[in-house]
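Each chain, letter by letter, is given below.
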Amino acid sequence: MTVEQNVLQQHSQKHQQTLLNQLREVTGTTDVQLLQQALQVSNGDLAEAVAFLTEKNAKVPEQDETTYYQTSQVASDRYISVGSQADTNVIDLTGDDKDDLQRAIALSLEESNRAFRETGITEEEQAISRVLEASIAENKASLKRTHTEVWSDSPNPHDRKRIDTCPVGLKNVGNTCWFSAVIQSLFNLLEFQRLVLNYSPPARVHDLPRNLKEHRNLPFMQELRNLFSLMVGSKRKYVDPSRAVEILKDAFKSSESQQQDVSEFTHKLLDWLEDAFQMKAEEDREGEKPKNPMVELFYGRFLAVGVLEGKKFENTEMFGQYPLQVNGFKDLHECLEAAMIEGEIESLHSAENSARSGQEHWFTELPPVLTFELSRFEFNQTLGRPEKIHNKLEFSSMLYMDRYMDRNREITRIKREEIRRLKEHLTLLQQRLERYLSYGSGPKRFPLADVLQYAMEFASSKPVCTSPVEDIDSSAPPGGTTGQQLSPQSTAEQDPLPPVESSGSASGPITANTAAQQQRVPIHKPFTQSRLPPDLPMHPAPRHITDEELKVLEGCLQRWRSEVEHDTRDLQGSINRIHRTIELMYSDKSMMQVPYRLHAVLVHEGQANAGHYWAYIYDPHQLCWMKYNDISVTKSSWEELVRDSFGGYRNASAYCLMYINDKKPFLIEEEFDKETGQILSGMDKLPPDLKQYARKDNELFDKEVEEWDVLQVRKAQQEKLALAAAAAAAAAAASAASSISTSSSSPQPMSIESSPPDNTVPQQEPEYMEQPSPTNDSKHLQEDTERAISRAAAEHEERSPEALLNAAIKLEYARLLRFAQEDTPPENDYRLQHVIVYFIQNQAPKKILERTLLTQFADRNLAFDERCKSIMNVARAKLDLIKPEEVNMDEYEMWHQAYRNFRETTIFMMTGLELFQKTNYMEALMYLIYSYQYNKELLSKGQYRGHDEELLGHYRRECLLKLNEQAAAMFESGEEPEVTTGLGIMNELVVLCIPLLLIHETERDLLAVEDMRNRWCSYLGQEMEPSLQEKLTDFLPKLLDCSTEIKSFHDPPKLPSYSTLELSERFGRVMAAVGRVPTDGR
């Protein structure tokens, strides 16, 4: 066959598949054979095919023997739904308006066909285009959004810098988490990575006809190579795949937005890559049958063996992703077994002609990369929308495919027959065991051994009276109705207390004794006690039984119970042995020769029409699982993978599994330098053109980092100049005031309070160290200082001002040291009362402590007696004499800035908790969010730099849950203003904050996010107005996006200023009210 004939044949086959896809979409049926039959009957006319499938009596059309089991020829449809449980139920489109409906369908199909003939673009490709264009539009539109809606990179490039050789993430450019999951899974196949990086377009590309395929595939391949080169050698933590997506978008034109399904995208991606490599392969091997590396890597073949009414057939087919049904199966092997056998297959193995029909699939050639597509979506015809299957499906990290190979056909059939026989026997044993464990004929059933034990306990009980209600009659209160309502027949059947005199004097003690007995009820253990305790309250017992009868009965019951327990153990043992035999059926060495190791798991969280994708990929070099979640790449574990992938637990589950042949290590082996023998890594893996491309991008990033650093240095210098100018102005004002005061008073001794030398710039002291006037609410600091001076003067009379200053500083420091060392409750935080306590707890340098204390004693607002003034002057003189090399003023300012940050964080925290207590959750949220973030930064530098992180995390989480509850209640009301307000709360507050809960992945935060998402996902299964359904569909993708990329928020709320005393007292009241975080989390 010539190359032109091969191309024409492939084009014809793809056109046939396009018709099948269109017909499947219109009619809703997934039965490939039935769709092929409809096309054959209609001679390729889609309108007639739709009419054929929508006839009133055509819900289950008669199947043509040659078409139902006639499979396509080799290399026809590589994405055929092999092994699926075909649904022969067709959506009923018939009715009174059937003609109008069919005319509309025919017009739609005619329009679709005309578009295909004019552009060569299929409906499936247009769907892909819609998603890609929506992704790019979303990315571009982000620049035009309001401040609270923008997904933005961190302005600090150091936050976006790659750490060592950590894998590079991919930015979600708008509903493209599916793109990231698939690309990362393929990129980490090192053989695939090498194929893409080393791809070169055909040398005669300019001589080739400029068809749509070439126009689309070659630019895409180049952008994919560029993207891979950045993922290999970039200095960035994550890279932007927009240009690769842009190339795909430009190939088609559409404006409809939707989120693309991973399996459809993977199908199309591999198809594009195959076409690109096919052009190169045909050029490299003219005259020979070209080998396509994509086909060699991802495509395999299976043999379809079938029989229909005694007529046998065999056909070989090619497959790419192998689809598997999930519903009704517990593990991957059960899915595969069901997919490999369709219909009744007994006639395949028997010599007799049988009326039964069926077919089996046997793999003749498995690809190095074996991908299973788990069908977790089904169409609910009742609700008229797709639904996700959340059933649990287990899979292992190592999969042996021997039992599905054609070369093991006979031995597998023998083993399957043996397993079938064992399962039949197992069913009988389980039914028999069930009769022992659930004995009885009524709605309530009990284990037979327990029934016999209870019977033995009843028989061995001794009757205590002749009337079971004598105690009730004797203890009933006067005027009670208990005795009046009981008939003589009923009283004769009750268990009585010992007979008593019916005199009135005895009734009181009897009643008290009965009550005391009922209060002391011991725990009875039926299997460890053969006799009832003597003080047990009334119980049923036989009134007429002889010792001989009791002896015989007890012997029988004990023997029967022993027999039942023995039979139960035997049955359970037999069942366990059969289970073990079935598990080990394929464990012999001959059936473990085709090992496939799990390489990647693609996970979807959400519902059928909205959700988020990420991937778990095994790193064979670090021997651990990695989680690729858009820009975030983190180490994970098999346990986390199981939790997120098996399903049945949350809305998350795997629906694409990628296994690789464990006997072909080249798939994941690193490349070695041919000359040195060293492993190639980083830039060394790239060909020259891509190396230059990656270096250019790194240079741009380095320039961005450098510009940022220069900008920060400039800002720091400007801040220093501003501080110096403010300090100079304050010093000048103070000097002028001092001059006025000196001129208007009697002469005083020379003060060293004069202006500093010209070459010295005075430092502005922190606001919590300055006291504007003695009447200020913060004058407690002055009072503390004066108190220390008074104590020093009392202990050291006739001392010089300098000696008194030193003594006072020592006394003040000793007092603050006691506070710092005292273990106090959160509501009594001494750090808020004095900066020195904060410094001591955080081990500030001694020089910082000394200068801070000197500043305290140099306060001009100290009392105006001579002793305090002289000590103040000495302190100010000591401050002026401190040389720059003795106290690093940058370090001094850094410590005081840290304390200012601590006070600011405290105010955020205090205000947020106050608002939370007042149930003003919307205002409280921003205060709690910022206090948590600032507090986390403080704690990163030291344990005592901030507040209790668990407490802040608890109330931040609770605030989000309360807002989510309020918004959900508004949405449930159905009223337009309420719905709009509720969704506004979610979009502007809750959704913005969810990445903050996800980024550190603490268990309680993850559970809170899961609770919020489950609340909104639960609405998908409910009936609601179309407008509400549309709003919910638009909103859910934002809520379910698991990206940890932080959106920009509102500016932090403006904080009021508090004096030290006010802040301490108010903080104490708030902390006393909220207490500590609950031990059970929420």
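Every value quoted in this text rests on a predicted model; they were computed, and no experiment measured them. (Residues numbered from 1 in each chain as written. Predicted model: local features only at pLDDT ≥ 70, side-chain atom pairs only at ≥ 80, totals over all residues. Heavy atoms only, no water.)

Participant: Hey, could you run me through the overall build of the chain in this one?
Facilitator: A tally of helices and strands in the chain yields 35 helices and 16 strands. Across the 1082 residues of the chain, 46% fall into the buried class. Intrachain contacts of the chain at a sequence separation of at least 6 include 75% that bridge at least 24 residues. For the chain, the accessible area works out to roughly 56100 Å², and carbon and sulfur atoms hold 51% of it. (Helix = DSSP H or I, 4+ residues; strand = E, 2+ residues; numbered from the N terminus. Buried < 20%, exposed > 50% of the residue type's maximum accessible area, 1.4 Å probe, protein only. Contact = heavy atoms within 4.5 Å. Areas by Shrake-Rupley, 256 points an atom, 1.4 Å probe, with all protein chains shown as cover.)

Participant: I keep staring at the pairing of strand 12 (residues 595-607) and nothing clicks. Help me out?
Facilitator: The two faces of a sheet get side chains in turn, since along a regular strand they alternate between them. Where burial is concerned, most of strand 12 is hidden: 13 out of the 13 residues are buried. Note: strand 11 (residues 398-400) against strand 12, three bridges, orientation antiparallel. Note on strand 12: the bridge partner recorded for Tyr400 is Pro595. Bridge count for strand 12 against strand 16 (residues 652-661) is nine bridges, and the pairing is antiparallel. For Val601, the partnering residue across the bridge sits in strand 16 and is Leu657. (Pairing = 2+ DSSP bridges.)

Participant: Can you walk me through the packing of helix 31 (residues 949-973) against helix 33 (residues 1003-1017) in this structure?
Facilitator: Describing two packed helices takes the angle between their axes plus the distance from one axis to the other. Interhelical geometry of helix 31 versus helix 33 gives an angle of 0° and a closest axis separation of 10 Å. Classed by the angle they form, the pair helix 31 and helix 33 counts as roughly parallel. Residues Glu950, Arg956, Arg957, Leu960, Leu961, Asn964, Glu965, Ala967, Ala968, Ala969, Phe971 and Glu972 of helix 31 lie in contact with helix 33, whose contacting residues are Arg1004, Asp1005, Ala1008, Asp1011, Met1012, Arg1015 and Trp1016. (Axes fitted to C-alpha atoms, helices over the stretch in contact; angles between N-to-C directions. Parallel < 35°, antiparallel > 145°, perpendicular 65-115°, else oblique.)

Participant: Sorry if this is basic, but what is going on with the confidence of the model for the chain here?
Facilitator: Segments scoring low in pLDDT should not have their predicted coordinates read at a detailed level. For the chain, mean pLDDT is 74; residues scoring 70 or higher make up 67% of the total. Per-element mean pLDDT across the chain ranges from 36 in helix 4 (residues 65-68) up to 94 in strand 11. pLDDT under 50 marks residues 1-11. Its contacts with residues more than four places away, or in other chains, come to four contacts. Overall, residues 56-98 carries pLDDT values under 50, and its contacts beyond four positions in sequence, including any with other chains, amount to 94 contacts. (pLDDT = per-residue confidence, 0-100.)

Participant: Explain the pattern of salt bridges here, please?
Facilitator: Pairing is possible between side chains that carry opposite charge, provided their charged atoms lie close to one another. Going through the model one piece at a time under the given rule, you end up with 37 salt bridges. Here Glu417 and Arg420 are joined by a salt bridge, their closest N and O atoms 2.2 Å apart. On the criterion of helical spacing, the pair formed by Glu417 and Arg420 is a turn pair, its members being three residues apart in helix 15 (residues 409-437). One salt bridge connects Glu812 with Arg815, and the closest N-O pair in it is separated by 2.8 Å. Remark: Arg815 and Glu812 occur in helix 25 (residues 801-821); sequence separation between them is three residues, near one turn of the helix. Given the relative accessible area of 2%, Glu812 is considered buried. (Salt bridge = Lys/Arg side-chain N within 4 Å of Asp/Glu carboxyl O.)

Participant: Can you help me understand the environment of Ile575 in this one?
Facilitator: Locating Ile575 in the fold gives a position in helix 21 (residues 547-583). Taking the C-alpha atoms as reference points, Ile575 and Lys423, separated by 152 residues in sequence, lie 9.9 Å from one another. Sequence-distant contacts of Ile575, that is, excluding residues within four places in its chain, are made with Leu426, Leu429, Gln430 and Leu433.

Participant: Explain helix 21 here, please?
Facilitator: Structurally, the α-helix is built with 3.6 residues per turn, so residues lying three or four positions apart point the same way. Taking 1.5 Å per residue as the helical rise, helix 21 with its 37 residues ought to reach 54 Å, and the 53 Å between its terminal C-alpha atoms agrees with that figure. Listed in full, the buried residues belonging to helix 21 are Leu550, Glu554, Cys556, Leu557, Arg561, Val564, Thr568, Leu571, Gly573, Ile575, Ile578 and Ile582. For helix 21, the secondary structure elements touched by its buried residues are helix 15 and helix 16 (448-460). (Expected span 1.5 Å × (residues − 1).)

Participant: Quick question: what am I supposed to make of the packing of aromatic side chains here?
Facilitator: The description of an aromatic ring pair uses the distance of the two centres, along with the angle that the planes make with each other. Evaluated as defined, the whole model comprises 31 aromatic pairs. On the basis of an interplanar angle of 65° and a centroid distance of 4.9 Å, the ring pair of Tyr199 and Phe277 is categorised as edge-to-face. Highlighted residues: Tyr199 in the loop between helix 8 (190-197) and helix 9 (212-233) and Phe277 in helix 11 (residues 262-284), separated in sequence by 78 residues. For Tyr199, a relative accessible area of 6% puts it in the buried group. Exposure remark for Phe277: the relative accessible area of 7% places this residue in the buried category. Taking the centre distance of 5.3 Å and the plane angle of 65° together, the rings of Phe916 and Tyr921 count as edge-to-face. Take Phe916 and Tyr921: they sit in the same class, and that class is buried. (Phe/Tyr/Trp six-rings, centres within 6.5 Å; stacked < 30°, edge-to-face > 60°.)

Participant: Is there a simple way to think about unusual backbone geometry in this case?
Facilitator: Note: most residues except glycine have negative phi, and most peptide bonds are trans. Phi is positive for Asp164, which is not a glycine, with a value near 50°. Inspection of the secondary structure puts Asp164 in the loop between helix 6 (123-141) and strand 1 (169-170). In this structure Asp164 comes out as exposed when scored by relative accessible area, which is 70%. Unusually for a residue other than glycine, Thr919 sits at a positive phi of about 60°.

Participant: Could you clarify how one ought to interpret the packing of helix 27 (residues 846-857) against helix 29 (residues 889-917) in this entry?
Facilitator: Across the interface, helix 27 lies against helix 29 with an axial gap of 10 Å and an inter-helix angle of 75°. The angle between the axes of helix 27 and helix 29 places the two elements in the roughly perpendicular class. Across the interface between the two elements, Ile848, Arg851, Thr852 and Thr855 from helix 27 touch Met889, Glu891, Tyr892, Trp895 and His896 from helix 29. A class-by-class count of the residues in the contact of helix 27 with helix 29 yields four nonpolar, three polar and two charged. (Nonpolar A, V, L, I, M, F, W, Y, C, P; charged D, E, K, R; others polar.)

Participant: Even after reading the chapter, I still don't get the environment of Gln856, so can you show me in this structure?
Facilitator: Mapped onto the elements of the fold, Gln856 is located in helix 27. Look at Gln856 and you get buried, because its relative accessible area is 2%. At 3.2 Å, the side chain of Gln856 and the side chain of Glu812 are in polar contact. (Polar contact = N/O pair within 3.5 Å; in protein donor to acceptor, adjacent residues only side chain to side chain.)

Participant: What exactly am I supposed to notice about the pairing of strand 4 (residues 311-319) here?
Facilitator: Where strand 3 (residues 300-308) and strand 4 come together, nine bridges link them in antiparallel fashion. From the neighbouring strand, Val307 faces strand 4, where its bridge partner is Lys312. Linking strand 3 to strand 4, which pair antiparallel, is a turn of two residues; within it Glu309 sits at a positive phi near 50°.

Participant: Can you walk me through the environment of Glu670 in this structure?
Facilitator: Tracing the backbone shows Glu670 in the loop between strand 16 and helix 23 (688-743). The spatial distance from the C-alpha of Glu670 to the C-alpha of Leu190 is 6.9 Å, given a sequence separation of 480 residues. Leave out the neighbours within four places in its chain, and Glu670 touches Leu190, Arg194, His621, Ile679, Leu680 and Lys685.

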